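# Chain and residue survey
This is what each chain is made of:
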Amino acid sequence: GGVNRLFRRGSGDGVRIETEENTVFADLHLVIKQDVNIREVSRNVQKQVARAIQEMVGMEIGHINIHIEDIDYEEAGEA
């Protein structure tokens, strides 16, 4: 839930997927919350996306690149 909010809106909604033969290459452009561990979030997204692609389409993963586009400070002052 709410994962769509994390992807940058615009060109391709923050996701670019290419295939070459039986291999998938993906670039994900994320906007993350200010208090999260960027390294941990990036690794988790890579693992989950790779697993989902392999399970859904059965293709090999070439790379899943994570690009942090911005940090969301929107809720910084709210309690």
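Above this text is the structure in question.
The following paragraphs examine the structure supplied in this document. (Residues numbered from 1 in each chain as written. Predicted model: local features only at pLDDT ≥ 70, side-chain atom pairs only at ≥ 80, totals over all residues. Heavy atoms only, no water.)

## A short note on the pairing of strand S3 (residues 60-72)
Convention followed: At least two bridges found by DSSP between two strands is the condition for calling them paired. Only DSSP runs of H or I covering at least 4 residues are called helices, and only runs of E covering at least 2 are called strands; the numbering of each starts at the N terminus. By definition, the crossover connecting two strands over a helix is right-handed if that path, from the first strand to the second, turns clockwise as seen with the strands pointing away from the viewer.
Of the strand pairs in this sheet, strand S2 (residues 23-33) and S3 are connected by 11 bridges, and their pairing is parallel. If you follow Lys33 over to S3, its bridge partner there is Asp72. Running through helix H2 (residues 38-57), the crossover from S2 to the neighbouring parallel element S3 is right-handed.

## Section: the nonpolar core
The condition is simple: Only buried Ala, Val, Leu, Ile, Met, Phe, Trp, Tyr and Cys residues count toward a nonpolar core, and they belong to the same one when joined by side-chain atoms within 4.5 Å. Each residue gets one of three labels from its accessible area relative to the maximum for its type: buried under 20%, exposed over 50%, partly exposed in between, using a 1.4 Å probe on protein chains only. The contact criterion used throughout is that any non-hydrogen atoms of two residues lie within 4.5 Å.
By size, the foremost hydrophobic cluster in this structure holds 10 residues: Val24, Ala26, Leu28, Leu30, Ile32, Ala50, Ile53, Met59, Ile64 and Ile66. Contributions of two or more residues to this core are made by S2, H2 and S3. In terms of residues, this core owes the most to one element, S2, which gives five residues. For Ala26, the residues in contact, after removing those within four places along its chain, are Arg16, Ile17, His63, Ile64 and Asn65.

## Structural notes on the pattern of salt bridges
Under the convention used in this document: Salt-bridge detection follows one rule: a side-chain nitrogen of Lys or Arg within 4 Å of a carboxyl oxygen of Asp or Glu.
Scanning the model with the defined rule gives three salt bridges in all. Taking the shortest distance from any N to any O, the salt bridge between Glu18 and Arg16 comes out at 2.8 Å. Across the pair Glu55 and Arg51 runs a salt bridge whose closest N-O atoms are separated by 3.1 Å. On the criterion of helical spacing, the pair formed by Glu55 and Arg51 is a turn pair, its members being four residues apart in helix H2.

No statement about biological role is implied by the geometric values presented.
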